[in-house]
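# Examining the three-dimensional arrangement
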Amino acid sequence: MEVPILKQGAVLIATFQAALSDADLNQLRMGLVQQVVKFRSRAVIVDVTAMDVMDSFASRTLREIAHMIRLRGADTVIVGIQPEVAFAMVQLGLTLEGVATALDLEEGLAYLNEKFKTTN
Amino acid sequence: MSVGEIQVAIKSDQDIVSARQKGRLMASEMGFSSGDATLIATAISELARNIVSYAHKGQITLKMVNGTNRQGISVIATDNGPGIPDIRQALRDGFSTSGSLGLGLPGVRRLMDEFEITSQPGRGTTVAVKKWRQ
């Protein structure tokens, strides 16, 4: 199952589906970074609202995506982590340290807009 | 309750997704809260991932179990892989031999109510966990 990536101005929006396999996640990791380069994007929003399980592999991949995109000089915001998923992540010992998160897509865009303003 | 026991063969990353979806469905059908169903599905995902990473193939068995006055779900992950030479080390946070986060087993223990592991080097590993319905 491929993850759709939308281009919204300088921002790319990747929307996760519920049943992503490791292979899908690996593909997304490469795909996103390539698109950031291609479109000279300034930020990526990864919307995980539909994800019902965030295990160690998924959260490590998200962290790697964010760090790769940071190396490109762009920002990443993870949006839509469900309360139950957040609870399970904490129990499991998973953190997304150093990665920006926001409540939902709207909040994520607002966060980036603020950030773009201050850097311009 | 339609199904009392489900077996899922684990041999690829697709099976990890399928095992955790079946586990969530079973937990929901048994009346587990959605939060607990998420914990169970996450634990299954980690156990299935351990099978794929270390043993390449194995099996997850999901079962409804009855306690004295409670009901629960049992998840048993078995493989005939290399086994774990030092279980105590494998249960410590941060330990990993496959380049993963090393949170698998101790994390799964925190997600579930009961946790048992048996492993024989060269013979395989069985991890049996349970969660009781609140």
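Remember, predicted model here, so these are calculated numbers, not experimental data.

## Focus on unusual backbone geometry
- Phi angles above zero are rare outside glycine, and Arg40(A) is one such case at about 50°.
- With a phi close to 70°, His56(B) is a non-glycine residue in the positive phi region.
- The topology assignment puts His56(B) in the loop between α2 (34–55) and β2 (58–66).

## So, the sheet that holds strand β1 (residues 5–8) of chain A
All names here are of chain A.
- An order of β1-β2-β3-β4-β5 is seen for the five strands of this open sheet, with the pairing classed as mixed. Two strands close off the open sheet at either side, each with one partner strand: β1 and β5 (100–102). Ignoring strand direction, the axes of neighbouring strands in this sheet form an average angle of 25°.
- In the sheet, strand β4 (residues 75–79) pairs with β5 via three bridges, with the strands oriented parallel. Its bridge partner being in β5, Ile-78 is matched across the sheet by Thr-101.
- Contacts from helix α1 (residues 22–39) reach β1, β2 (11–15) and β3 (43–47) within the one sheet, and its direction differs from that of β2 by about 160°.

## Notes on the interface of chain A and chain B
- Across the boundary between the two partners, chain A contributes 23 residues, which contact 24 residues of chain B.
- When chain A packs against chain B, close to 1,900 Å² is buried across both sides, 52% of that on carbon and sulfur atoms.
- A salt bridge links Arg49(B) to Asp22(A), with the shortest nitrogen-to-oxygen separation between them at 2.3 Å.
- The interface formed by chain A and chain B contains 11 residue pairs in polar contact (both at pLDDT 80 or more).
- With six residues, helix α3 (residues 83–92) of chain A is the single largest residue contributor to the side of chain A that touches chain B.
- Of the residues in the side of chain A that touches chain B, the class split is 12 nonpolar, five polar and six charged.

Conventions we followed
Residues numbered from 1 in each chain as written. Chains lettered and ligands numbered in written order. Predicted model: local features only at pLDDT ≥ 70, side-chain atom pairs only at ≥ 80, totals over all residues. Heavy atoms only, no water. Helix = DSSP H or I, 4+ residues; strand = E, 2+ residues; numbered from the N terminus. Pairing = 2+ DSSP bridges. Axes fitted to C-alpha atoms, helices over the stretch in contact; angles between N-to-C directions. Contact = heavy atoms within 4.5 Å. Buried area = accessible area lost by both parts, 1.4 Å probe. Salt bridge = Lys/Arg side-chain N within 4 Å of Asp/Glu carboxyl O. Polar contact = N/O pair within 3.5 Å; in protein donor to acceptor, adjacent residues only side chain to side chain. Nonpolar A, V, L, I, M, F, W, Y, C, P; charged D, E, K, R; others polar.

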